[in-house]
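Inside the fold
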Amino acid sequence: MPVELNHLDTQQDTGGPVAGGGIPLVVIHGLFGSADNWRSHIKAWQEHHRVIAVDLRNHGRSPHAAGMSYDEMAADVMALLDRLGIERIHLLGHSMGGKVAISLARLAPARVVSLIVADIAPRAYGHDHDTVFAGLRRVVEGRPANRREADELLAEHVQERAVRLFLATNLERAEEGRLHLRLGLDEIQDDYEAVMGEPAGEGAYDGPTLVLRGANSRYVTDEMLPELREVLPRARVVTLEAGHWLHAEQPEAFRRAVDDFLAEQA
């Protein structure tokens, strides 16, 4: 049963259609992220597109539910599109969200006019979030009163301040005044193997595709490109001088690449 996802919709938020209208752009965040992480990009994109940014299950303000398979997460997004009455989309996903996007494009190619994948390949990866899970568990146990305390708890396991700041976007204040995580941490960790696995679907998505990768990231290396093009044969690969969070590290270059690609699809 699909989860009813929380989402940001520029058409609903502004009370009417945006300038340009046309085919909506759907944005899917990565692991431990949320639609809120994309607000600055959404503000720019909404000048020309209706933009819908989702909170995946167990993330943001969406419900917590068992199962993190790409079949399930793609089904959640398709159910949202059905509720909104949207048939065809431009689709953008970062990291885990990129795998959800690839899954949706393979499972329902007629709905995806074009695909943008940010710093992920359609393959399985090794486990590399042990310190993040440990840090988030420490925050849950420590019940911090403020963000400084939360950062100190995270720092016991996560050294990189930029990563801690990103993880802290999942904190909100509970009724008793303490900060807590809005993540479905148990559900994510229980099915982490699926998160690190391959996207759902079979065969190739042969629609127009842009793959943006970070020069300082190891998620889309040159050695992975033949494998990537088996699934995304029309992929144009663009490398930005950034790491894995390229949309945050190089926001203008990232947005320009997306804008140019979408303009070609008009």
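What comes next concerns the included structure. All figures in this text were calculated on a predicted structure; none of them were measured in a lab.

A count of helices and strands for the protein gives twelve helices and nine strands. Per-residue burial for the protein yields a buried fraction of 55% across its 266 residues. Taking all contacts inside the protein whose residues are at least 6 apart in sequence as the whole, residues at least 24 apart take part in 77%. Of the roughly 11,800 Å² of accessible surface on the protein, 47% is carried by carbon and sulfur atoms.

Its place among the elements puts Val 220 in the loop between strand S8 (209-214) and helix H10 (225-231). For Val 220, a relative accessible area of 2% puts it in the buried group. A C-alpha to C-alpha distance of 31 Å links Val 220 and Gly 22, two positions 198 residues apart in sequence. The residues touching Val 220, leaving out its near neighbours within four places in the chain, are Asp 119, Ile 120, Ala 121, Arg 213, Leu 225 and Leu 228.

Closest axis-to-axis distance for the helix H3 (residues 70-84)/helix H4 (residues 96-107) pair is 9 Å, and the angle between their directions is 75°. The angle between H3 and H4 places the two elements in the roughly perpendicular class. When H3 is examined against H4, the residues Tyr 70, Asp 71, Met 73, Ala 74, Val 77 and Met 78 are found in contact with a partner set consisting of Met 96, Lys 99, Val 100, Ser 103, Leu 104 and Leu 107. Within the contact of H3 with H4, the residues separate by chemical class into nine nonpolar, one polar and two charged.

Spatially, seven strands are ordered S1-S3-S2-S4-S5-S8-S9 in an open sheet, and the strand pairing comes out mixed. Single-partner strands in this sheet number two, and they are strand S1 (7-9) and strand S9 (235-240). In this sheet, adjacent strand axes meet at a mean angle of 15° when their direction is disregarded. Bridge analysis of strand S5 (residues 112-118) against S8 gives four bridges, and the strand direction is parallel.

The subject of this paragraph is the side chain of His 29. Here His 29 lies in the loop between strand S2 (25-28) and helix H2 (39-45). In terms of polar contacts, His 29 uses its side chain to reach the backbone amide nitrogen of Leu 56, at 2.9 Å. With near-sequence residues (within four places) excluded, His 29 lies in contact with Ser 34, Ala 35, Trp 38, Val 54, Asp 55, Leu 56, His 59, His 94, Met 96 and Gly 97.

Turning our eyes to something else, we now look at H4. In this model, H4 (twelve residues) spans 17 Å end to end at C-alpha, consistent with the 16 Å of a helix rising 1.5 Å per residue. Summarising burial for H4: eleven of the twelve residues are buried, a large majority. Those residues of H4 lying buried are Met 96, Gly 97, Gly 98, Lys 99, Val 100, Ala 101, Ile 102, Ser 103, Leu 104, Ala 105 and Arg 106. Packing partners of the buried residues in H4 comprise S2, H3, strand S4 (89-94), S5, helix H9 (192-195) and H10.

Moving on to the pairing of S2. Burial along S2 is two-sided: Leu 25 and Val 27 facing one way and Val 26 and Ile 28 facing the other are all buried. Pairing of S2 with strand S3 (residues 51-54), which is carried by four bridges, proceeds in the parallel orientation. Bridged to Leu 25 within S3 is Val 51. With respect to chirality, the unit in which S2 leads through H2 into the neighbouring parallel S3 is right-handed. When S2 meets S4, the two strands line up parallel, connected through four bridges. The residue of S4 that forms the bridge with Ile 28 is Gly 93.

Right, let's get into the pattern of salt bridges. If you walk through the whole model with that rule in mind, you get 15 salt bridges. With its nearest N and O atoms 2.6 Å apart, the salt bridge here joins Asp 9 to Arg 50. Separated by 41 residues along the polypeptide, Asp 9 in strand S1 and Arg 50 in the loop between H2 and S3 bring together distant segments of the chain. Under the relative-accessibility criterion, Arg 50 is labelled buried at 12%. In this structure, Arg 123 and Glu 227 form a salt bridge, with 3.2 Å as the shortest nitrogen-oxygen distance. In this pair, Arg 123 is assigned in the loop between S5 and helix H5 (130-142) and Glu 227 in helix H10, connecting sequence segments 104 residues apart. Each of Asp 36, Arg 39, Arg 61 and Arg 182 takes part in salt bridges that share partners, so that together they form one network.

The rules behind these values
Residues numbered from 1 in each chain as written. Predicted model: local features only at pLDDT ≥ 70, side-chain atom pairs only at ≥ 80, totals over all residues. Heavy atoms only, no water. Helix = DSSP H or I, 4+ residues; strand = E, 2+ residues; numbered from the N terminus. Buried < 20%, exposed > 50% of the residue type's maximum accessible area, 1.4 Å probe, protein only. Contact = heavy atoms within 4.5 Å. Areas by Shrake-Rupley, 256 points an atom, 1.4 Å probe, with all protein chains shown as cover. Axes fitted to C-alpha atoms, helices over the stretch in contact; angles between N-to-C directions. Parallel < 35°, antiparallel > 145°, perpendicular 65-115°, else oblique. Nonpolar A, V, L, I, M, F, W, Y, C, P; charged D, E, K, R; others polar. Pairing = 2+ DSSP bridges. Polar contact = N/O pair within 3.5 Å; in protein donor to acceptor, adjacent residues only side chain to side chain. Expected span 1.5 Å × (residues − 1). Right-handed = clockwise from strand over helix to strand, strands pointing away. Salt bridge = Lys/Arg side-chain N within 4 Å of Asp/Glu carboxyl O.

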